[in-house]
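Summary of structural features
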Amino acid sequence: MTAAPAVMAAAPPDQECEALIGQWLATDIDRWTRRVIARHFHPATGSPYWLRRAAGLGFDPRDITRYDELTAFGPFPLEVLRRQDPAELVPLAVPRPLTGRIWDTGGTTGPPCRLFYTPEMLLHRGVWRRWSFVSEGFEPGRDWLQATPTGPHLIGNGVWEVSGLFTGRVYAIDMDPRWVKRLIRGGRLTEAAEYTSHLLEQLADVLDGGGIHYLNTTPALFQALVRRFPELVGSLDGVRLSGTRLSPDMYREFTAALRGGICGRSYGNTFGNAAGLPVEQNGELMPYVPNYPQVTMAVVRGDDWSATVAPGGTGQVRLTVLHDDLFLPNILERDQALRYVRGGTWPSDGVANVAPLQLMSSAPEGLY
Amino acid sequence: MALGFLFGGGVGTELYGLEMYEAHPVMRELYARVSRWTGLAVEQILRDELPGTPEERQSAATIRESALALGVHDVLVERGLRPGVLGGLSLGAMTASCLAGAIGRRELFEMLAYARHTPRLPPEEPEQGLALAFAPADGGNAGFPGEGRPGVHLSGDFGPTADGELRILMLSGERTALDALEGELPPGSLVPLPDRTIAVHSPLRRHFRAFMASRIAAIPFSDPRVPLVSCLERKALTTGAEVRDLFARNPTDPISLVDVCAGMKERGVRLALVIGGSIPNGLLRFPFPVVHVDKPEHIQQVFASVYDLGIDLVPARAS
């Protein structure tokens, strides 16, 4: 665990990736919770942040035996991830000094949160992403164009995920989401459109050369590409989308523009991801399932973050990260979603129709 | 890829939009004008307890709702966010008509203020009420709970719930008939709306429609300058006469959010801004993404959604 490469030289073979997925899906979440709690709160080898916090919790976290009891920790204060050394959240069982990459969240509402990803965490994310590629019908050994944020943003590690785990060859174009968000916050949509145009020209330059099979980008950028260069989109074998909002209309427009090409999706951020499942109801229902068991999601009530809504109900997305090397319980996301239950075929809840969070009202009495 | 503005119907039971009023001078200026037009103090329009009789209270509440809706619209327009298509339910349809240029602002508010003089019904008239009914979404044209029963009327169709499982309908009628119906249906499938004593959008509002008829007939209506959809049937309102007809029929005819949304969708809406508290967030399924706007911070969400969804903004008209 001493090396933390963003690009892993020795990726596991396909069979090993598939075995890992099977193993994770068969994991009992309560048992997994106990494992992660024991690691982070081990008096000698736990994570410095959690050992410090344990003193003020008012309960002994080592007494927690079930996943549902994680609500006792309360919502995770994201300010910790903005101000503290990310190593403080990594158990001392991971040899010091830590070497490797710090990854940032987008920084939509202020300074970004920063996380240290150990190689195991990067592998976990990548193996799930590979699972998505396979289940969505992407073929290994193809040429990709990655047009996403890179630099401090974990989505940029998709270059390795494709090349290292899916034998792909990857071209890349960088985008700066914080600049776009700054323009949007200021209502400077004309300048934001100009930046988009700048990105589209770079995209077109790569795609024009031919030979690119798949594109990995955001829905917003792909939408702009569909409108400006429909012929380039029509020549793709597929696109993989994550990072900004995707509406049913966009999804249908994209699949039409792709002329039978694949339209894969994922939802998430630097904390954790969820894989897109096939759309239902002609695209009106777009479900996702989290990268279990290290990532779980719940859809909770707007007036009580500890209570999940009924299946099909709308609420705030609550994310819990249960990596061996990172424990983040009860992150209240700035997103709302429908609670999606896949029945007996998936060990955890999923989310569907994700949108920016607004104040929830579940009371129909307000309708008129 | 148009931006739609969608205005809720009815009158809210909770105060909202106060932060918008405090934050934006353009809203405060509007409220001052509305105060002069209606004779209500700004504080009454904004947040004070609503007055006396049901009709007085209803009138003041509609003024409060429309002032807020127009104010939020003005704030958005100030930031370059103009409606490409307008729609609304009931009172929201009237607000939308006003923003489409079919009726002047002063005329709208004076009409709403005039409604406070609606004669009271004789005391022997049955007590009225409202209820929401929850029916299976795949029920097709199976009718509505209580259909054919005396004193129960279908007054609104809010369409499917967010998960697509149920359809929400509004029933208006005599309180005793609605209560009796609730007792016969499975628990939770009919929810009476507390403190709603006016059987809106039903034949029980004939006297109000008759009272307002001459007033509405005297108002000059113009052809809408922005695409405007009806809430009484699935169509666009393209002439002043059609808008006048909507105003005249609105008290007694059932409303349909399904028709409003379908009409907006047909006219290219791919993002709608929901203005007004009576379309709760997260409860209903819309055929396009929606952003509810009643707080200053929502404006940034609007900008982000406009960018993310690739919405075409309407340029400012040359002055």
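Residues numbered from 1 in each chain as written. Chains lettered and ligands numbered in written order. Predicted model: local features only at pLDDT ≥ 70, side-chain atom pairs only at ≥ 80, totals over all residues. Heavy atoms only, no water.

Chain B is annotated in an unreviewed UniProt entry as ACP S-malonyltransferase from Streptomyces jumonjinensis.

1. Topic: the overall build of chain B
Counting secondary structure elements, chain B contains 11 helices and 9 strands. Scaling as 2.2 N^0.38, a compact globule of 319 residues should have a C-alpha radius of gyration of about 20 Å, and chain B matches this with 19 Å. Structurally, chain B occupies a C-alpha span of about 55 × 45 × 35 Å along its principal axes. Scored against the burial criterion, the 319 residues of chain B give a buried share of 58%. The long-range fraction of contacts in chain B, counting pairs at least 24 apart against all pairs at least 6 apart in sequence, stands at 73%. Accessible area for chain B stands at about 12500 Å²; split by element, carbon and sulfur atoms hold 52% of it. Of the side chains in chain B, 31 bear a positive and 38 a negative charge, and the two mean positions are spaced by 6 Å. (Helix = DSSP H or I, 4+ residues; strand = E, 2+ residues; numbered from the N terminus. Rg over C-alpha atoms; globule rule 2.2 N^0.38 Å. Buried < 20%, exposed > 50% of the residue type's maximum accessible area, 1.4 Å probe, protein only. Contact = heavy atoms within 4.5 Å. Areas by Shrake-Rupley, 256 points an atom, 1.4 Å probe, with all protein chains shown as cover. Lys, Arg positive; Asp, Glu negative; His and termini not counted. Charge placed at Lys NZ, Arg CZ, Asp CG, Glu CD.)

2. So, the domain arrangement of chain B
Residue and element names in this part refer to chain B. One can read the domain layout of chain B as domain 1 (2-120 + 203-309) and domain 2 (128-192). One C-alpha centre belongs to domain 1, the other to domain 2; they are set 25 Å apart. Between domain 1 and domain 2, the residue contacts involve 13 residues of the former and 18 residues of the latter. Taking both partners together, domain 1 and domain 2 bury about 1200 Å²; carbon and sulfur atoms supply 64% of that area. Per-residue buried area on domain 1 facing domain 2 is highest for L204, L284 and R285; these three make up 43% of the total on that side. Our count for the domain 1 to domain 2 interface comes out at 0 salt bridges. Across the contact surface, domain 1 and domain 2 share 6 residue pairs in polar contact (both at pLDDT 80 or more). Listing elements by their share of the side of domain 1 that touches domain 2, those giving two or more residues are β7 (255-256) and α10 (257-266). (Domains from an automatic or database assignment. Buried area = accessible area lost by both parts, 1.4 Å probe. Salt bridge = Lys/Arg side-chain N within 4 Å of Asp/Glu carboxyl O. Polar contact = N/O pair within 3.5 Å; in protein donor to acceptor, adjacent residues only side chain to side chain.)

3. Here we look at the sheet that holds strand β7 (residues 262-268) of chain A
Residue and element names in this part refer to chain A. Taken together, 12 strands build an open sheet; the order of strands is β4-β3-β5-β6-β7-β8-β9-β14-β13-β12-β10-β11 and the sheet is mixed. Two strands in the sheet have a free side with no partner beyond their single neighbour: β4 (169-175) and β11 (304-308). The mean angle between the axes of side-by-side strands here comes to 35 degrees, regardless of whether they run parallel or antiparallel. Where strand β3 (residues 143-149) meets β4, 7 bridges bridge the pair, whose relative direction is parallel. Within the sheet, the bridge partner assigned to L145 lies in β4 and is Y171. Helix-sheet contacts for helix α2 (residues 29-40) involve β10 (295-301), β12 (314-323) and β13 (326-340), and the interaxial angle to β12 is about 60 degrees. Each of β3 and β4 touches helix α6 (residues 158-165); the most contacted strand, β4, lies at about 180 degrees to it. (Pairing = 2+ DSSP bridges. Axes fitted to C-alpha atoms, helices over the stretch in contact; angles between N-to-C directions.)

4. Some remarks on helix α7 (residues 177-185) of chain A
Every buried residue of α7(A) is accounted for by A:P177, A:V180, A:L183 and A:I184. Projected onto a plane normal to the axis of α7(A), the buried residues spread over an arc of 125 degrees and lie on a single side. Looking at the buried side of α7(A), the elements it contacts are β3, β4 and α8 (189-208) of chain A together with α11 (298-309) of chain B. The distance from a side-chain oxygen at the start of α7(A) to the backbone nitrogen of A:R178 is 3.1 Å, and the residue carrying that oxygen is A:D176. Positioned one or two residues after α7(A), A:G187 has a phi angle of 70 degrees, which is positive. (Arc of directions from axis to C-beta.)

5. Topic: the interface of chain B and chain A
With 50 residues of chain B at the interface, the matching set in chain A holds 38 residues. Surface buried jointly by chain B and chain A totals about 3500 Å² across both partners, of which 56% is contributed by carbon and sulfur atoms. Looking at the side of chain B facing chain A, the largest losses of area belong to B:N281, B:Y307 and B:D308, adding up to 20% of the total buried there. On the surface where chain B and chain A come into contact, there are 3 salt bridges. For A:D249, the salt bridge is made with B:R270, and the minimal N-O distance between the two is 3.7 Å. Seen at the junction of chain B and chain A, the total is 10 residue pairs in polar contact (both at pLDDT 80 or more). Every element with two or more residues in the side of chain B that touches chain A is listed here: β3 (128-136), β5 (166-174), β9 (290-292) and α11 of chain B. With 10 residues, the top contributor of residues to the side of chain B that touches chain A is α11(B). Taken together, the residues that form the side of chain B that touches chain A break down as 29 nonpolar, 14 polar and 7 charged. (Nonpolar A, V, L, I, M, F, W, Y, C, P; charged D, E, K, R; others polar.)

6. So, the nonpolar core
With 180 residues, the main nonpolar core has A:F222, A:L328, B:F158 and B:F247 as its most contacted residues. When residues of this core are sorted by domain, at least three fall in each of domain 1 (2-120 + 203-309) and domain 2 (128-192) of chain B. Not counting residues within four places of it along the chain, the set of residues in contact with B:F158 comprises A:L367, A:Y368, B:L89, B:L132, B:I168, B:M170, B:L257, B:V258 and B:L284. (Core = buried A, V, L, I, M, F, W, Y, C linked by side-chain atoms within 4.5 Å.)

7. A look at the environment of A:T167
Residues and elements named next belong to chain A. Structurally, the position occupied by T167 is in the loop between α6 and β4. Sequence-wise, T167 and D143 are 24 residues apart; in three dimensions their C-alpha atoms are separated by 9.3 Å. Among the polar contacts listed, one links the side chain of T167 to the backbone nitrogen of G141, at a separation of 3.0 Å.

8. Observations concerning the side chain of B:D308
Mapping B:D308 onto the fold places it in helix α11. At 6.9 Å, A:R245 is the nearest oppositely charged side chain to B:D308, a buried residue that forms no salt bridge. Sequence-distant contacts of B:D308, defined by excluding residues within four places in its chain, comprise A:A220, A:T244, A:R245 and A:M250.

9. Re the environment of A:S163
All names here are of chain A. For S163, the position within the fold is in helix α6. With 15 residues separating them in the primary sequence, S163 and R178 have C-alpha atoms 26 Å apart. When neighbours within four sequence positions are excluded, S163 is seen to be in contact with G168 and V170. Within polar-contact distance, the side chain of S163 engages the backbone oxygen of V159 at 2.8 Å.

10. Comments concerning the side chain of A:H323
All names here are of chain A. Within the secondary structure, H323 sits in strand β12. On the accessibility criterion, H323 (4% relative accessible area) is buried. Residues contacting H323, with those up to four places away along its chain left out, are V36, H40, M121, H124 and Q294.

11. Some points on the pairing of strand β6 (residues 238-241) of chain A
Along any regular strand, the residues point their side chains to alternate faces of the sheet. All names here are of chain A. Residues G238 and R240 of β6 are buried on one face, and the alternating residues V239 and L241, pointing to the opposite face, are buried as well. Sheet topology places strand β5 (residues 214-217) next to β6; 4 bridges connect them, and they run parallel. Looking at the pairing, L215 lines up with V239 of β6. Pairing between β6 and β7: 4 bridges, direction parallel. The residue of β7 that forms the bridge with L241 is R265. Traced from β6 through helix α11 (residues 248-258) to β7, the parallel crossover comes out right-handed. (Right-handed = clockwise from strand over helix to strand, strands pointing away.)

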